[in-house]
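Structural overview for review
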Amino acid sequence: MNNRPSLHHRALYQYNDAMRLFMQQYKFNGDYKLRKIFNRELINLVHTSDMDLVVAVPVSRHTMMTRGFNQVASLLEGIELTEALQVKVTKKCNN
């Protein structure tokens with residue numbers, strides 16, 4: 001029997017054209033105030049779900065410098081986050 005803890009994740013929203021446009025405006029156009037659209041719903045979901053921790057996917061230093069925020073952590077503002085992941089820095093190959 002495996003003693004490793006199980007990891008469960010799930011998508012909260014369907015990634016359709018409307019969500020794609022929202023994410024484009026939020027992430028790539030830097031419309032930081034859009035984070036508030038889903039924030040209350042996400043806080044409610046975390047507080048009413050049986051979960052041990054919430055982990056935001058980190059962004060690279062470059063992304064943080066250019067975008068100015070971590071889009072996932074910002075959506076989860078007000079929720080206690082566990083820093084369990086880190087960005088692995090690699091060099092891109094130029095072919």
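These notes cover the structure that comes with them. (Residues numbered from 1 in each chain as written. Predicted model: local features only at pLDDT ≥ 70, side-chain atom pairs only at ≥ 80, totals over all residues. Heavy atoms only, no water.)

The next thing to look at is the packing of aromatic side chains. As enumerated under the stated definition, the model contains 5 aromatic pairs in all. Pairing Tyr26 with Phe69 gives two aromatic rings, centres 5.3 Å apart and planes at 50 degrees, and the pair type is tilted. Here Tyr26 is found in helix H1 (residues 17–28), whereas its partner Phe69 is found in the loop between helix H3 (61–67) and helix H4 (71–75), with 43 residues between them in sequence. For Tyr26, a relative accessible area of 0% translates into the label buried. On the basis of an interplanar angle of 65 degrees and a centroid distance of 5.0 Å, the ring pair of Tyr32 and Phe69 is categorised as edge-to-face. Here the residue Tyr32 occupies a position in the loop between H1 and helix H2 (36–48), and Phe69 occupies one in the loop between H3 and H4, the gap between them amounting to 37 residues. (Phe/Tyr/Trp six-rings, centres within 6.5 Å; stacked < 30°, edge-to-face > 60°. Helix = DSSP H or I, 4+ residues; strand = E, 2+ residues; numbered from the N terminus. Buried < 20%, exposed > 50% of the residue type's maximum accessible area, 1.4 Å probe, protein only.)

Moving on to the pattern of salt bridges. One pass over the structure, following the stated rule, counts 2 salt bridges. Across the pair Lys33 and Asp31 runs a salt bridge, and its minimum N-O distance is 2.9 Å. Residue classification places Asp31 among the buried positions, given a relative accessible area of 15%. In this structure, the salt-bridge partner of Glu77 is Arg35, at a minimum N-O distance of 3.5 Å. Within this pair, whereas Glu77 is found in the segment after H4, its partner Arg35 is found in the loop between H1 and H2, the two being separated by 42 residues in sequence. Overall, Glu77 belongs to the partly exposed group, its relative accessible area being 39%. (Salt bridge = Lys/Arg side-chain N within 4 Å of Asp/Glu carboxyl O.)

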